[in-house]
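Commentary on secondary and tertiary structure
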Amino acid sequence: MPTPLDRALNSKNTFLAFAGVVTAAAVFSIWGQDMFPQASDPKGDPETWTHDELRRWLAARNLHPNPKDTKEELLERVKANLRVPRA
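Below, the structure is looked at part by part. Every chain is numbered on its own, with residues counted from 1 as its sequence reads. Residues qualify for local features only when their pLDDT is at least 70, as the model is predicted, and side-chain atom pairs are given and counted only at 80 or more; totals for whole chains, interfaces and linings, by contrast, use all residues. As a rule here, side-chain values come from all non-hydrogen atoms in the structure, and water together with hydrogens is ignored.

**Description of the packing of aromatic side chains**
Threshold: Put simply, two rings from Phe, Tyr or Trp (the six-membered ring, in Trp's case) pair if the centres are within 6.5 Å, and we call them stacked under 30 degrees between planes, edge-to-face over 60, tilted for the rest. The buried label goes to any residue with under 20% of its type's maximum accessible area, the exposed label to any with over 50%, and the partly exposed label to all in between, with areas taken from a 1.4 Å probe on protein chains only.
Using the criterion set out here, one finds 1 aromatic pair in the structure. On the numbers, 6.4 Å between centres and 40° between planes, the contact of W49 with W57 is tilted. We note that W49, like W57, is buried.

**Things to note about helix α3 (residues 51-60)**
Filter applied, for reference: Helix and strand assignments come from DSSP, with helices taken as H or I runs of at least 4 residues and strands as E runs of at least 2, each series counted from the N terminus. By construction, the arc corresponds to the directions joining the helix axis to the C-beta atoms. For this analysis, residues touch if any pair of their heavy atoms sits within 4.5 Å.
Of all the residues in α3, the buried ones are L54, W57 and L58. Buried positions in α3, seen along its axis, are confined to an arc of 95° and lie on one side of it. Across α3 from its buried face, at more than 90 degrees, point the exposed residues D52 and A60. Its buried side turned inward, α3 meets α4 (71-81).

Right under this line is the structure:
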């Protein structure tokens, strides 16, 4: 005579629930982290940055760079918004 525990372990629903928990844990471990990490801020002298790096730096600070701005205009805006080092 099977006990309720035997019937629960032989149940297809129990197996599907366990498989769902394992799948959910795998999905969380894969997608719960930074799957596509953001590029870091450019370092060094802004004069040597590319057009895309200047735009990314401004966009990261919500300064809304215009796509039609030239590199010189972007460079001017970056220099105006750089933090002044404190002595």
